[in-house]
Amino acid sequence: MSHDFNFQRRETFDTFRESKGVKLPARAVVDFAFFPELEKPDWTGISRALEAAGYRVSRPDAEGEEGEELIASTGPIPISAEEIWKYEEAATKIAIRFDFYPDGWELDI
């Protein structure tokens with residue numbers, strides 16, 4: 001099954017429409033979350049590919065150990081739906097090559 005980038009883009013733009021009136025910073029670091037689909041994911045491969053594209057990669061967990069979620073961070077970048085989508089789409093295209101799928105984003109402020 002192919003990834004629905006149009007749906008993902010709509011979600012990002014809807015987030016901005018729904019947050020109308022919320023004071024957002026002009027620039028911030030943005031964290032994109034990805035989860036693996038495979039039982040034995042290629043953590044090294046996806047991390048290297050995202051880092052080569054300029055993202056900072058981490059696997060946070062509540063107990064301080066590596067978790068089952070990968071965070072790809074970028075920025076600080078200008079905060080707008082268009083700018084976030086540009087980086088979100090690029091990171092997602094890399095992630096899906098390794099069978100990781102997006103689970104949203106948040107501002108790291």
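In what follows, the structure referred to is the one given above.
Keep in mind that this is a model prediction, so the values were computed, not measured.

Caption draft 1: Representation of the pattern of salt bridges within the structure. Within the structure shown, the criterion is met by three salt bridges. Where Lys93 meets Glu89, a salt bridge forms, and the shortest distance between an N and an O atom there is 3.7 Å. Of the two residues, Lys93 and Glu89 both sit in helix α3 (residues 81-97), four residues apart, roughly one turn of that helix. A relative accessible area of 24% places Glu89 in the partly exposed class.

Caption draft 2: Highlighting the sheet that holds strand β4 (residues 100-108). Sheet architecture is open: four strands sit in the order β2-β3-β1-β4, paired in antiparallel fashion. The open sheet has two edge strands, β2 (56-58) and β4, and neither has a second partner. If you compare each strand with its neighbour and ignore which way they point, the axes differ by 25° on average. Pairing between strand β1 (residues 27-36) and strand β3 (residues 70-78): seven bridges, direction antiparallel. Along β3, the bridge assignment pairs Val30 with Thr74. Relative to β3, helix α2 (residues 43-52) is tilted by about 10°, and along the sheet it contacts β1, β2, β3 and β4.

Caption draft 3: Expanded view of the packing of aromatic side chains. Taken as a whole and assessed by the stated rule, the structure comprises two aromatic pairs. Arranged with centres 5.1 Å apart and planes meeting at 75°, the rings of Trp43 and Phe100 form a pair that is edge-to-face. Remark: Phe100 occurs in strand β4 and Trp43 occurs in helix α2; sequence separation between them is 57 residues. There is no split in this pair, since Trp43 and Phe100 are both buried. Looking at Arg59, its charged tip hangs above the ring of Trp43, at a distance of 3.7 Å from the centre.

Caption draft 4: A look at the packing of α2 against α3. Contact geometry of α2 with α3 gives a least axis separation of 9 Å together with a crossing angle of 155°. Taken together, the axes of α2 and α3 lie roughly antiparallel to each other. Every pair of crossing elements has a handedness; the one defined by α2 and α3 is right-handed. In contact with Ile46, Ala49 and Leu50 of α2, α3 contributes Ala91, Ile94, Ala95 and Arg97. A per-class count over the contact of α2 with α3 returns six nonpolar, no polar and one charged.

Cut-off values and rules
All residue numbers refer to positions counted from 1 along the written sequence of the respective chain. For a predicted model such as this one, the threshold for reporting local features is a pLDDT of at least 70, and the threshold for listing and counting side-chain atom pairs is 80 or more; totals across whole chains, interfaces and linings nevertheless cover every residue. Each side-chain value is worked out from all heavy atoms of the structure, with water and hydrogens disregarded. Each reported salt bridge corresponds to a side-chain nitrogen of Lys or Arg within 4 Å of a carboxyl oxygen of Asp or Glu. The numbering of helices and of strands both runs from the N terminus, where a helix is a DSSP run of H or I of at least 4 residues and a strand a run of E of at least 2. Think of it in three bands: residues with accessible area under 20% of the maximum for their type are buried, residues over 50% are exposed, and the middle band is partly exposed, with areas taken using a 1.4 Å probe on protein chains only. Should DSSP find at least two bridges between two strands, the strands are regarded as paired. Under this scheme, a helix contributes an axis fitted over its contacting stretch, all axes are lines through C-alpha atoms, and angles between N-to-C directions fall in the 0 to 180 degree range. Any two residues having at least one pair of non-hydrogen atoms within 4.5 Å are treated as being in contact. When two rings of Phe, Tyr or Trp (its six-membered ring) have centres within 6.5 Å they constitute a pair, described as stacked for plane angles under 30 degrees, edge-to-face for angles over 60, and tilted for the intermediate range. By definition, being over a ring means that NZ of Lys or CZ of Arg is both within 6 Å of the ring centre and within 35 degrees of the ring normal. To sort the angles, those under 35 degrees are grouped as roughly parallel, those over 145 as roughly antiparallel, those from 65 to 115 as roughly perpendicular, and the leftovers as oblique. If you view the pair so one helix is near and one far, a crossing is left-handed when the near helix is turned anticlockwise from the far one by less than a right angle, and right-handed when it is turned clockwise. Asp, Glu, Lys and Arg are counted as charged, while Ala, Val, Leu, Ile, Met, Phe, Trp, Tyr, Cys and Pro are counted as nonpolar; the rest, among them Gly, fall into the polar class.

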